[in-house]
Each structure stands twice: as C-alpha cells, then as structure tokens.
Amino acid sequence: MIHRLLSARIENDQALVRVRDRTRQVGDVFGLDNLQRTRLVTAVSEIARNVVQHAGEGRIEFFFRDEDEHAPQALIVRIVDDGPGMDVAALPANGQRADGRTMLGIAGSRRLVDRFDIASEPGGGTRVTLEMQRGHARPVISRAALAPLVEQLARRKSQTPVEELEQQNREMLLMLEELRLRQAELEKADERKDEFLAMLAHELRNPLSAIGTALELLKRKRNASEADFQRLGDLVARQTAQLTRLVNDLLDVSRVTRGKIELARAPVLLTDLIDHALETTHGAITARHHVLEYTPPAEPIWISADPIRFRQILSNLLHNAARYTPEHGRIAVRVAREGARVALSVEDNGIGIDAAMLPHVFDLFAQADTSLGRQDTGLGIGLTLVKRLLQLHGGSVEVQSAGLGKGSRFTVYMPLLARDAATPPARPEPAQAAPQPPPHAAAGSRILLIDDNVDAVHTLRQLLEDAGHVVAEAHTGERGVAVAELFSPNVVVIDIGLPGIDGFQVAQEIRAQPATSASLLVALSGYTSDAMRQRGRAAGFDRYLTKPADIDALEDMIRDY
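Cut-off values and rules
Residues numbered from 1 in each chain as written. Predicted model: local features only at pLDDT ≥ 70, side-chain atom pairs only at ≥ 80, totals over all residues. Heavy atoms only, no water. Buried < 20%, exposed > 50% of the residue type's maximum accessible area, 1.4 Å probe, protein only. Helix = DSSP H or I, 4+ residues; strand = E, 2+ residues; numbered from the N terminus. Arc of directions from axis to C-beta. Contact = heavy atoms within 4.5 Å. Polar contact = N/O pair within 3.5 Å; in protein donor to acceptor, adjacent residues only side chain to side chain. Core = buried A, V, L, I, M, F, W, Y, C linked by side-chain atoms within 4.5 Å. Pairing = 2+ DSSP bridges. Right-handed = clockwise from strand over helix to strand, strands pointing away. Axes fitted to C-alpha atoms, helices over the stretch in contact; angles between N-to-C directions. Parallel < 35°, antiparallel > 145°, perpendicular 65-115°, else oblique. Left-handed = near helix turned anticlockwise from the far one by under 90°. Nonpolar A, V, L, I, M, F, W, Y, C, P; charged D, E, K, R; others polar.

S.K.: Explanation requested: helix H13 (residues 477-487) in the structure shown.
M.R.: Listing the buried residues of H13 in full gives Gly477, Gly480, Val481, Val483, Ala484 and Phe487. Down the axis of H13, the sector holding all buried residues measures 170°, keeping them to one side. Exposed residues pointing more than 90 degrees away from the buried face of H13 are listed as Arg479, Glu485 and Leu486. Where H13 is buried, its residues touch strand S13 (446-450), strand S14 (470-474) and helix H14 (503-512). Remark: Ser488 follows H13 within two positions and exhibits a positive phi of approximately 50°.

As structure tokens, then:
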C-alpha cells in the first residue's frame, strides 16, 4: 500500500532550496542512511532544476510504500510538469556519456536511485518517479507509526539558503567518510572472498583426491578381497557425501542470499526436529568420541517452521560443535521457555572463538582459521545459513564464547506457537492398516535412463538392474526420444543438461507419445534452482532429483508411482 506524505510546488530557482531541504527531511525522518539521503536529494534536485529550466514550474509529491513479499519499504518521489516533454527513447539508459563520464539531469539521476521511471512525450509534459528503498535490515515502519512521522515532518522548519548550503557541506563530508569506510569494508570482504575461494578449491580437491586414489587402488590391486571392496567403497561413499554437503551448502547460501528460498512452514513439535537432527549428526559426534548431553523438555513445545530447513539449522550447529571440539569432548543441547519464545542452545567445550572473531562468525566468507594446517573440513558458510534461515523463520541466533580454548554456545530463539494453533488436525484412523510393500515392490519396472554422462548412466543402470528392473539407456536427447518410443518405459530418468535438445524438450516429447503419456518422468540434474524446478513441472516432469542420484529416493519414487 502507498501512503501520500506531502506535496509542494516547484515554481522558481528559490523553490529548489525548499525542495532539497524537504527531500532531506523526508529521508531523515524515514530512516535513509547518509549516502541514500544524499543520493536522493541530488537526484530530486537535478529533476526539479530541469522542471524550472524547461517547463517553468511543476509539482513534487512524496509517498511511502509498505513492505510486501516482493520489495522492502521505500520512499517514492514523483515530479510532474506540463512542459514541452521529450523523447524518452533518446535518453542514455545507463546515465553515462560516450566518454564514460556520468551525466547530470534526468539521465544522471537514473543511476542515483533504486528505481527510476519516466513518462513523457513531445508537447505532453513529463512525469518522473524516483524510488529509494529502505534496507531489509532496518526496522519496519508500522502503519501506527506512520502518522506521528508525518506530523514530525509538518513541524520541521524550512532552512534558509545559507543553512541549506551548510547542511550540504556537512552531508558531503559525512558521505565522503562513509564512502571511505565502505571502501575499506569492500576491500576486506574481497580479501575474505579470495581466502574463501582458495579454501573452496582445497576442500573440493580433498575428497576428489581420496576418491581418485581409492579407484586407482582398486584398478591396480589384483585379487582384491571383499573386505578391500567394502573398505574402499565406504571411503568413496564418505567422500562423496562430503562433496555433496559442500555443494549443497554453496547452493543454499546462494538461494538464501538472493531470496530464492520459500519456506513450507507448519506447526511442528520442537523435540521431533531435535531428535531428527541428533540422528543425522550421530555419526559425526560418535566418530570423535564426544559425550552428548540432552534432556527433552517436560512439556510439548510447538513452533511454526519448515521441518526440512529447521532440521538443517540444528544439524549445522551440531556438526559445528562436533567439528570444532577435540576428541572426547562434551556437547550439550538445552531447551528452555523464555516468555513467548523458546531458547535452544548447542554448547561445547571445544576450541572456542577469539573475541575479535566473535562479531563475524555469521558473516559470509568469514572463518576463524583459513591456514593450510587446519584440520576441520567445511567452507565456513554453515553459520551464515543458520542465521539467514532463522531470519526467514522469524527467529534469531546468538553466540557466546569466553575465548580460545574455552568452548562456545550458540543459542537459537524462536517464537512459541499458540496452543490452539499448534494442535495438528485430527487424522482419521484407517479401518485396517494396509500391508506395507516389500523393499523392492517396484522390481520389474521398465526404466529408461537418458544422460550424456556415460559413466553415470552405467553405474545407475547397474544399481537398478541389481534391484530387479529392466533398464535401457540413451546418451542424447534425440536418441532418448527414439528409444522411449520403442522401449515403452513406465519410468524415464532424464538429465536436464543434454547435448542437442535439452531435458525439458525431451520430457515434453516423451509425454506426448501415447505409449509413455502416463509414465513417471524424473528429472536428474545438477541444476537445482526453484526456476529450474518450475520449468521441469511445466515440461511434464513428475519428480526432480539432484545429482548425484540418491538411489533410495529414486526407488521410493518408483515404488510410490
């Protein structure tokens, strides 16, 4: 919703002083920072001067827009005149001249604000709309707080030209100082990014090296025993899981940062989430011989959360505690009510956190130790995920540590769910429990694999044939469509990134064939964005699997179809 704040006439050069002063006051009252305020004042001043020079007079209006699911709260300024108008198409889109220098006037103002719209035609006047967004990190201005802010604006006195000039000078100094600080922050962030990329290469090469060595050993080892295969197979499985976790963390951070994660929130029992997280991290905790202390709360505690994402939050904290605590350490999980919220803490007696690092543990690309000798594995982005996923849930996280060698405690805070909202809907009990299918009830399915990675196809085919399925394969999209017509599979697993026609087109053509119109179509891809999944549904895919293929998940899909 858009709220009108105030308006003013622009009739001469003296009015430009009032317009700049009013814009500065609006930006100050509604929480723009120094740099945003200076940029908005400069843009408005340029447009208003244009009005006086080319139209003689005009009008300026200020609006405030509420936050919605697509954009944060924002100040909107609209400047309108009845002048001669202009050819908008002739304006440079990027606000720069041919020599690369920034232009003034309308074209230059375009670069100063978050959104710029102009509507004009020769002889029909001009309307320019500028938008400056309040950051997501700033406190939201409620509708109840809006009226007092407008009253505050009304009480503000206009500055004299001398006062306005002095104000401009002060703001220019502040802006220069802020730019200097931001430059220093960007340089530091760039250093952290370079360290992160070097660490990423290191972390990816480690499991790849172990996998390559294991496979080379199997090739050279004559008369390898079953124990050899078991040991090396377990090694490859562990390292593949590590690679998958690293890649998934990278993708999740990217999605959260770009606002591409949508939560499927529902009333959920907190103890269920904790139990599942403890189960998934049991191996990491026991591998280092840690002692785990956890006593479930005496009464049920319900929260509104996406179960998958919230378990990810808890698992990341537990993995962190296990990783940064020397062997035979102690990890404690505690839950306590605090008024209208619940506090869940994960505490360890591990290596602790240095006081200088403490404020930055949740920063992207920040990690306490990036030296070559560090013994832990991971990219240091798990805590960034924790914080940002909690923010999406309406929660928060805090960290405490007495210093290096003195352990650390991470505390998650979440709003409690009201008792009536927490009660799940009653499920009707079936008259007679249906018998559960055997593990391979779908054995005998006709499955077609379409993927240009020959090695991946052969290994997946072997797994499926061992489970009793009849499997065919194709390595191009065109070949896959042809094989589907002859083979008539009831399940088709299709890679998205195929040479020639891609997996989406393959799915559409297979779905259009009478023999395979009702087949189960499963996308198997390294592309995991929400947009790709939506394209997959539109193309006719029933399910979407992420590479590397989870054979158990694929079997479940086949069994349930």
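Additional details are given in the paragraphs that follow.
S.K.: What should I look at first to understand the environment of Arg59 in this one?
M.R.: Structurally, Arg59 can be placed in strand S2 (residues 58-65). Between the C-alpha atom of Arg59 and that of Ser7, which follows or precedes it by 52 residues, the distance is 7.2 Å. Of note is the side chain of Arg59, whose polar atom sits 2.8 Å from the side chain of Ser7.

S.K.: Looking at this model, I keep getting lost on the nonpolar core. Mind explaining?
M.R.: As a rule of thumb, soluble globular proteins bury nonpolar side chains together. Judged by nonpolar contacts, the single largest core of 40 residues is most densely connected at Leu270, Ile274, Ile303 and Phe310. Going through the elements one at a time, helix H7 (270-280), strand S8 (302-305), helix H9 (307-323), strand S9 (330-338), strand S10 (341-348), helix H10 (382-392), strand S11 (396-400) and strand S12 (408-415) are the ones with two or more residues in this core. No other element matches the 7 residues that H9 contributes to this core. Those residues in contact with Leu270 that sit more than four places away from it in its chain are Ile301, Ile303, Phe310, Val335, Val342 and Leu344. The next biggest cluster of nonpolar side chains, apart from the first, holds 33 residues, and it includes Val26, Phe30, Val113 and Ile141.

S.K.: Looking at this model, I keep getting lost on the pairing of S13. Mind explaining?
M.R.: Within S13, 4 of the 5 residues are buried, leaving the element largely enclosed by the surrounding structure. Across 5 bridges, S13 lies against S14 in parallel orientation. Across the sheet, the residue bridging to Leu448 is Ala472, located in S14. Note that the unit made of S13, helix H12 (residues 454-466) and S14 has a crossover that is right-handed.

S.K.: What's the story with the pairing of S9 in this structure? I'm lost.
M.R.: A regular strand places its side chains so that they alternate between the two faces of the sheet. By the bridge criterion, 4 bridges tie strand S7 (residues 291-294) to S9 in an arrangement that is parallel. Paired with Leu292 across the bridge in S9 is Ile331. Two elements, S9 and S10, share 8 bridges in a ladder whose sense is antiparallel. Looking across to S10, one finds that Arg337 is bridged to Val342. Here S9 folds back onto S10 in antiparallel fashion, the turn holding 2 residues, of which Gly339 has a positive phi close to 65°.

S.K.: Looking at this model, I keep getting lost on the sheet that holds S10. Mind explaining?
M.R.: In a beta sheet, neighbouring strands pair by backbone hydrogen bonds and run either parallel or antiparallel. What the 5 strands build is an open sheet, ordered S7-S9-S10-S12-S11; its pairing is mixed. The open sheet terminates on both sides in strands that have one partner only, identified here as S7 and S11. Looking at each pair of strands side by side, their axes are set apart by 15° on average, direction ignored. The sheet strands contacting H7 are S7, S9 and S10, and the helix crosses S7 at an angle near 175°. Docked against the sheet, H10 engages S11 and S12, running at close to 140° with respect to S11.

S.K.: Is there a simple way to explain the packing of H13 against H14 in this structure?
M.R.: Two elements in contact, H13 and H14, have axes whose closest approach is 10 Å; the angle formed by their N-to-C orientations is 15°. One element, H13, and the other, H14, form an angle in the roughly parallel class. As H13 runs across H14, the sense of the crossing is right-handed. Contacts between H13 and H14 involve Gly477, Gly480, Val481 and Ala484 from the first element and Val506, Glu509 and Ile510 from the second. Its residues assigned to classes, the contact of H13 with H14 shows 4 nonpolar, 2 polar and 1 charged.

Geometric values such as these leave the question of function open.
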